[in-house]
Amino acid sequence: MAAHGLPDKFVVWQPMDHCSRFMHAEYCENGHVACSSCCGKIEHKCPSCSWPIGYNRCRAIEKVLEAVRISCSNTKYGCKELVRYSDKKSHESTCIHSPCSCPHPGCNVVSSAGNLYQHFRCKHLDCAVRFQYNRTFNVALDANERFQILQEQDEGVIFLLNNSSELLGNLLTVSCIWHRSFSGFFYDIVAKSQGNSLRLQSFTECTKRRSNSILVTTGFLLVPQNFRNSSNELKLELCIWSKDSFPTNF
Ligand SMILES: [Zn+2]
Ligand SMILES: [Zn+2]
Ligand SMILES: [Zn+2]
Ligand SMILES: [Zn+2]
């Protein structure tokens, strides 16, 4: 296969790093072909012969590209889709077979989200807090633990309760292991201590792997030091809503 995932017999394609988007096919005077969005990056100089490139559109090659169907990059994770060259990026950005990494420390399993949820259920069941959507459940989180894995009982979706111990207290967020980014699952987290309570309602971050640093592009809950009990734990009440649902008053 040539660069850009095209069969060699169809086209001599100039390999470019970080090709963001195919627009048109362009050719130089010696007939070498490159994609128009790459021509700017190579300063309109053909990588094969150094002649100017990017001023002659090659519709014949574009026709060939339209006819070609290529496989999604996630073939080895189970995707059987054959897509147009120009649709590859958009398909892959939502492909349900996009690989996600097992969040369990020391486990190197990478697979589609669906298979990963199964894997987690089989191999690490006792390492997660199991819960159901739309129902409040309790978590006692060790204040020094970086994260607690949560797994939804019915669909198997894996969530992470992330914790960062800071000077002022503990910074908490909930994220989700999901095959693509979207606005996230709605969650409600309450920290309680001796008649005081703190609450955050927000949407989960969606990531394909557990991150070592806490992501705070969405909201976070800062729980002061004095919320810790004598066992150095934070008493939390959590509720995660099923996908695409959230309270009407939110
Ligand atoms: Zn390109
Ligand atoms: Zn050339
Ligand atoms: Zn795919
Ligand atoms: Zn694992």
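Residues numbered from 1 in each chain as written. Chains lettered and ligands numbered in written order. Predicted model: local features only at pLDDT ≥ 70, side-chain atom pairs only at ≥ 80, totals over all residues. Heavy atoms only, no water.

### Let's talk about the confidence of the model for the chain
What counts, and what does not: Each residue gets a pLDDT score, which is the predictor's confidence in that residue and runs from 0 to 100. Where helices and strands are cited, they refer to DSSP runs of H or I of at least four residues and of E of at least two residues respectively, numbered from the N terminus. For this analysis, residues touch if any pair of their heavy atoms sits within 4.5 Å.
Residue-level pLDDT values for the chain average 88, and 91% of them are 70 or greater. The least confident element of the chain, judged by mean pLDDT, is helix H1 (residues 36-41) at 84; the most confident is strand E16 (residues 233-240) at 98. Note on residues 1-12: pLDDT under 50 across the span, and 25 contacts to partners over four residues away in sequence or across chains. Here residues 14-18 is a poorly scored stretch, pLDDT under 50, and it has 13 contacts once near neighbours within four places are set aside; other chains count.

### Examining unusual backbone geometry
Our working rule: Buried, partly exposed and exposed residues are distinguished by accessible area as a fraction of the type maximum, computed with a 1.4 Å probe on protein chains only: under 20%, between the cut-offs, and over 50%, respectively.
Residues other than glycine seldom take positive phi values, yet Asn232 does so here, at roughly 65°. For Asn232, a relative accessible area of 24% gives the class partly exposed. Backbone geometry places Asp244, a non-glycine residue, at a positive phi of 65°. Looking at the secondary structure, you find Asp244 in the segment after E16.

### Examining helix H4 (residues 113-123)
Note the threshold: To be clear, the arc concerns the directions from the helix axis to the C-beta atoms.
Along H4, the residues classified as buried are Ala113, Leu116, Tyr117, His119 and Phe120. Along the axis of H4, the buried positions cluster into a sector of 160°, meaning they face one direction only. Against strand E5 (99-101), strand E6 (110-112), strand E7 (128-131), strand E9 (147-152), strand E10 (158-165) and strand E11 (169-177) lie the buried residues of H4.

### A closer look at the pattern of salt bridges
Note on pairing: side chains with opposite charge can pair once their charged atoms come close. Note the cut-off: A side-chain nitrogen of Lys or Arg and a carboxyl oxygen of Asp or Glu constitute a salt bridge if their distance falls within 4 Å.
With the rule as written, the count across this model stands at seven salt bridges. A salt bridge links Asp188 to Arg199; the nearest nitrogen and oxygen atoms lie 2.7 Å apart. One end of the pair, Asp188, is in strand E12 (residues 186-193); the other, Arg199, is in strand E13 (residues 196-203), and eleven residues separate them in sequence. With a shortest N-O distance of 3.2 Å, Glu237 and Lys192 are connected by a salt bridge. Of this pair, Glu237 sits in strand E16 while Lys192 sits in strand E12, and the two are 45 residues apart along the sequence.

### A look at the coordination of the zinc ion (ligand 3)
We count it as follows: Only nitrogen, oxygen and sulfur atoms qualify as donors, and only when within 2.8 Å of the metal (3.2 Å in the case of Na, K and Ca); with water excluded, sites may look incomplete. Any coordination sphere not matching a tetrahedral pattern (four donors, all angles between 85 and 135 degrees) or a square planar or octahedral pattern (four or six donors, opposite donors over 155 degrees apart, other angles between 65 and 115) is reported as irregular.
Bound to the zinc ion (ligand 3) on the protein side are Cys72 (SG), Cys79 (SG), His91 (NE2) and Cys95 (SG), at distances that span 2.1 to 2.4 Å. If you look at the zinc ion (ligand 3), its four donor atoms make angles of 103 to 114° with each other, and the shape they trace is tetrahedral. When the donors of the zinc ion (ligand 3) are listed by position in the chain, the intervening gaps give C-x6-C-x11-H-x3-C. Here the residue Cys72 occupies a position in the loop between strand E3 (69-71) and strand E4 (82-84), and Cys95 occupies one in the loop between helix H3 (88-94) and E5, the gap between them amounting to 23 residues. A residue is classified by how much of its surface remains accessible, and Cys72, at 2% relative accessible area, is buried. With relative accessibility at 3%, the residue Cys95 sits in the buried group.

### Some words on the coordination of the zinc ion (ligand 2)
Ligation of the zinc ion (ligand 2) by protein atoms is provided by Cys28 (SG), His32 (ND1), Cys46 (SG) and Cys49 (SG), these donors lying 2.1 to 2.3 Å from the ion. Its four donor atoms give the zinc ion (ligand 2) angles of 103 to 118° at the centre, a pattern that matches the tetrahedral case. The sequence motif formed by the donor residues of the zinc ion (ligand 2) is C-x3-H-x13-C-x2-C.

### Quick word on the side chain of His179
Here His179 shows up in the loop between E11 and E12. Given the relative accessible area of 10%, His179 is considered buried. Beyond its immediate chain neighbours, meaning those up to four positions away, His179 contacts Thr94, Cys95, Ile96, Ser98, Cys100, Ala113 and Lys208.

### Some words on the packing of aromatic side chains
Rule in force here: When the centres of two rings from Phe, Tyr and Trp lie within 6.5 Å, Trp using its six-membered ring, the rings pair. Their planes under 30 degrees apart give stacked, over 60 give edge-to-face, and anything left gives tilted. Both a distance and an angle decide whether a charge sits over a ring: NZ of Lys or CZ of Arg must be within 6 Å of the ring centre and within 35 degrees of the ring normal.
Inspection of the entire model under this criterion finds twelve aromatic pairs. Look at Phe131 and Phe159: their rings are 5.6 Å apart centre to centre, the planes differ by 70°, and that puts the pair in the edge-to-face class. Residue Phe131 is located in strand E7, and its partner Phe159 is located in strand E10; the two are separated by 28 residues in the primary sequence. In this structure Phe131 comes out as buried when scored by relative accessible area, which is 1%. When its relative accessible area of 0% is taken as the criterion, Phe159 is described as buried. When the centroid spacing of 5.4 Å and the interplanar angle of 80° are considered together, the rings of Trp178 and Phe185 count as edge-to-face. On the basis of relative accessibility, which here comes to 1%, the residue Phe185 falls in the buried class. Taken together, the ring pairs in this structure connect Phe131, Tyr133, Phe137, Phe159, Trp178, Phe182 and Phe185 into an aromatic cluster. Directly above the aromatic system of Phe182 lies the positively charged group of Lys243, at a separation of 4.6 Å from the ring centroid.

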